[in-house]
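An overview of the molecular structure
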Amino acid sequence: MYMNTNHEYHLMQLSDSFFPSGMFSMSSGLELLINNKKITNWNDVLTFIIEQIEFQIYPCDCTVLSFALTGVKNNDLNTVVNIDKKYYSMKFAKEIRNSSTRSGKQVLNSIIHMMENHDNSDFLYEFNKKIESKETPGTYPVILAVGAVCLGIPLESITRMLLYSFSSSIVSAAIRLGLIQHLDAQKILKLLAEPINKLILTNEEKNLEDIWQLTPLTEIYQMNHERNESRMFMT
Amino acid sequence: MQSSKKTNTAKLGIGGPVGSGKTRLIEVLVPVLKKRGIRCGIISNDVISKEDAERMKRTLATESKLMPEDLIIGIATGGCPHTAVREDPTINLAVIEEIQQKDPTLDLIIIESGGDNVMTTFSPALADYFIYIIDVSGGDKYPRKGGLGIQTCDLLVINKTDLAPHVGANLDDMERDAKKIRIDKPYQFLNCKTGEGIEKLADRIISDLLFDKELLKSTVDK
Ligand SMILES: Nc1nc2c(ncn2[C@@H]2O[C@H](COP(=O)(O)OP(=O)(O)OP(=O)(O)O)[C@@H](O)[C@H]2O)c(=O)[nH]1
Ligand SMILES: [Mg+2]
């Protein structure tokens, strides 16, 4: 596929909060956890992010990202569709599923717009057709894999980016919810660098069956958040 | 007005400060458009709840049966109302696609932005026509102060004219300033309480956004 030596630049572009992904309206359950006083200070926010990453985002989202990336590289549409469906079926909270496909489809639109008239962008269009005909949901980590391959971004970098974007969306939600201030937000992001790095470097062999996640309490909060009348965030 | 498949439904953006009457405007506009055969979907961006969407579901769907309830969708904007309609309209665009899939024959999708400051504008990717609505109770200085929303919108609406005497707002001053700041773009007064001005507003939308001369009721004088 299309080789691109500018992959670091494109990585920044994708990870910028300015990149249209709809991430600014998601708190992943944090809003209700803060409202219910389950999270009360910056350290709680840090712990929440680490736990979400360890028990959900890394074993589930990042593994999906990795398998999808291989699938896209091999031009294997069926495998990518299967991974996409599997991911969708694993997200129990409706708003989380919706947010993932809403932002997935729009990120794909951005990438299609960016890659217009590029060689080897066939996969983009093929996958887009599958989403439009509802044969596949088009979830965010899978679309990210498609984008990474188009823009020449290696797996390790795009995985780090996914974890960073998740963390950054949570701390920015914590600021807007009035729990932490901007300096603490940066401290949290700094403290996350090493645990994230360790996870990425574990580099264990994985099977599709190995995709898992276990954050029941957060998921209950995410589902309750859906029913909350007064709220600032979508999730 | 119905056609078999319309994937490019016209999109109307409504922005304005908190409480200026964005939701109320939609509530009085939809019945007028409906009478002229125009069928709408509604997206309501809200800063802290889905209250406006719930209200419209009641007033426009369950009570008056003007439209199906599932064509009114609320979006929580994470405290960033302008981001949701300008820099990152992702979620709004996704919801538009969902509405179009539910009913590809709709004529118009109305998008209410969360209440915001005077610099709010809509992404051209999101809205084909942009109404900015202010009200007289914010003070008659408002049109004069300008701001991107007031200056660049396709139609400036000055709402709640019934309140002018109570808040000491001089409508003549507002009209003079609006004329000046809008140069040759349209503006108009509205009273959502009595409906005064709403037929004219509907005419503008029909002629300038839907381009359908047959449905015009009164002549629009710019
Ligand atoms: N007197 C009077 N009241 C009005 C008029 N238009 C709207 N209102 C009232 O003003 C209040 C705010 O109206 P909304 O339509 O909720 O305002 P909004 O701009 O949607 O507000 P947010 O979405 O919360 O920013 C409501 O109580 C309306 O009934 C009007 O023309 N005259
Ligand atoms: Mg409103």
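Cut-offs applied
Positions within a chain are numbered from 1, following the residues in the order the chain's sequence is written. Chains and ligands are labelled by the order in which they are written, letters from A for the one and numbers from 1 for the other. Confidence filtering applies because this is a predicted model: local features only for residues at pLDDT of at least 70, side-chain atom pairs given and counted only at 80 or more, and all residues used for totals across whole chains, interfaces and linings. Note that the side-chain values use all heavy atoms of the structure and ignore hydrogens as well as water. A run of H or I in DSSP counts as a helix once it spans at least four residues, and a run of E counts as a strand once it spans at least two, with each numbered from the N terminus. Here the expected length of a helix is defined as 1.5 Å per residue gap, with one fewer gap than residues. For the exposure calls, accessible area comes from a 1.4 Å probe over protein chains only, and a residue counts as buried if that area is under 20% of its type's maximum, exposed if over 50%, partly exposed in between. Between N-to-C directions, angles span 0 to 180 degrees; the directions come from axes that are lines fitted to C-alpha atoms, helices contributing only their stretch in contact. The scheme is simple: roughly parallel for angles under 35 degrees, roughly antiparallel for over 145, roughly perpendicular for 65 to 115, oblique for anything else. We call a crossing left-handed when the near helix sits turned anticlockwise from the far one by less than a right angle, and right-handed when that turn is clockwise. Pairs of residues are marked as contacts when any of their non-hydrogen atoms sit within 4.5 Å. Any residue outside Ala, Val, Leu, Ile, Met, Phe, Trp, Tyr, Cys, Pro, Asp, Glu, Lys and Arg is labelled polar, Gly included; the first ten of those are nonpolar and the last four are charged. Consider each residue's heavy atoms; a residue with any of them within 4 Å of a molecule or strand counts as near. Think of a polar contact as two N or O atoms within 3.5 Å of one another; within protein, one of them needs to be a possible hydrogen donor and the other a possible acceptor, and neighboring residues in sequence only count if both atoms come from side chains. Working definition of accessibility: Shrake-Rupley area with a 1.4 Å probe, residue cover restricted to the visible protein chains. We define buried area as the total accessible area lost by two parts upon association, computed with a 1.4 Å probe and summed across both. In what follows, salt bridge is the name for a side-chain nitrogen of Lys or Arg lying within 4 Å of a carboxyl oxygen of Asp or Glu. If DSSP finds at least two bridges between two strands, the strands pair. The crossover handedness rule: strands pointing away from the viewer, path from first strand over the helix to second strand clockwise, crossover right-handed.

1. Thoughts on helix H4 (residues 90-102) of chain B
When the terminal C-alpha atoms of H4(B) are compared, their 19 Å separation across 13 residues agrees well with the 18 Å that a helix rising 1.5 Å per residue should span. Inspection of H4(B) places B:Thr90, B:Ile91, B:Asn92, B:Leu93, B:Ala94, B:Val95, B:Ile96, B:Ile99 and B:Gln100 among the buried residues, and these make up the whole buried set.

2. What to know about the packing of helix H5 (residues 94-114) of chain A against helix H7 (residues 140-150) of chain A
All names here are of chain A. Where H5 contacts H7, the axes come no closer than 8 Å and their chain directions differ by 15°. It follows from the interaxial angle that H5 and H7 lie roughly parallel. Between H5 and H7 the crossing geometry is left-handed. Contacts between H5 and H7 involve Ser-100, Ser-103, Gly-104, Val-107, Leu-108 and Ile-111 from the first element and Tyr-140, Pro-141, Ile-143, Val-146 and Gly-147 from the second. Residues that form the contact of H5 with H7 fall into these classes: 7 nonpolar, 4 polar and no charged.

3. Examining the site of ligand 1
Residues and elements named next belong to chain B. Near ligand 1, the surroundings consist of 19 residues, among which Lys-22, Thr-23, Arg-24, Asp-162 and Cys-192 are the closest. Contact distances for ligand 1 include 2.8 Å between an oxygen atom and a side-chain N or O atom of Lys-22. Note that an oxygen atom of ligand 1 is positioned 3.1 Å from one of the side-chain N or O atoms of Glu-112. Bound to the protein, ligand 1 loses 75% of the 650 Å² it would expose on its own. For the shell around ligand 1, the elements supplying multiple residues, two or more each, are helix H1 (22-35) and helix H2 (51-62). For the shell around ligand 1, the leading source of residues is H1, giving 3 residues. Here the shell around ligand 1 is composed, by residue class, of 4 nonpolar, 7 polar and 8 charged.

4. As for the interface of chain A and chain B
On the chain B side, the residues contacting the 22 residues of chain A number 23 residues. Interface of chain A and chain B: buried area, both sides summed, is about 1800 Å²; carbon and sulfur atoms make up 57% of it. Looking at the side of chain A facing chain B, the largest losses of area belong to A:Phe24, A:Arg102 and A:Gln106, adding up to 35% of the total buried there. Inspection of the region where chain A meets chain B yields 2 salt bridges.

5. Re the pattern of salt bridges
The tally for this structure, following the rule as stated, stands at 18 salt bridges over all chains. Across the salt bridge formed by A:Arg231 and A:Glu95, the nearest N and O atoms sit 3.3 Å from each other. In this pair, A:Arg231 is assigned in the segment after helix H10 (216-226) and A:Glu95 in helix H5, connecting sequence segments 136 residues apart. Residue A:Arg231 shares its accessibility class with A:Glu95, and that shared class is buried. A salt bridge links B:Arg176 to B:Asp177; the nearest nitrogen and oxygen atoms lie 3.2 Å apart. In the salt-bridge network here, residues are joined through shared partners; they are B:Arg144, B:Asp173, B:Arg176 and B:Asp177.

6. Thoughts on the sheet that holds strand S6 (residues 155-159) of chain B
All names here are of chain B. The 7 strands lie next to each other as S3-S2-S4-S1-S5-S6-S7, forming an open sheet whose pairing is parallel. In this open sheet, the two strands that pair with only one neighbour each are strand S3 (72-76) and strand S7 (187-189). Along the sheet, successive strands turn relative to each other by an average axial angle of 20°, direction set aside. Bridge analysis of strand S1 (residues 10-15) against strand S5 (residues 129-135) gives 4 bridges, and the strand direction is parallel. Along S5, the bridge assignment pairs Gly-15 with Tyr-132. The sheet contacts of H1 involve S1, strand S2 (40-46), strand S4 (108-112) and S5, and relative to S4 the element is tilted by about 165°.

7. Some remarks on the pairing of S3(B)
Residues and elements named next belong to chain B. Burial of S3 is extensive: 5 of the 5 residues sit out of reach of the surface. The side-chain alternation of S3 yields two buried faces, one formed by Ile-72, Gly-74 and Ala-76 and the other by Ile-73 and Ile-75. Alignment of S2 against S3, held across 5 bridges, turns out to be parallel. Paired with Ser-44 across the two strands is Gly-74, which belongs to S3. Tracing the backbone out of S2, into H2 and back to the parallel element S3 gives a crossover that is right-handed.

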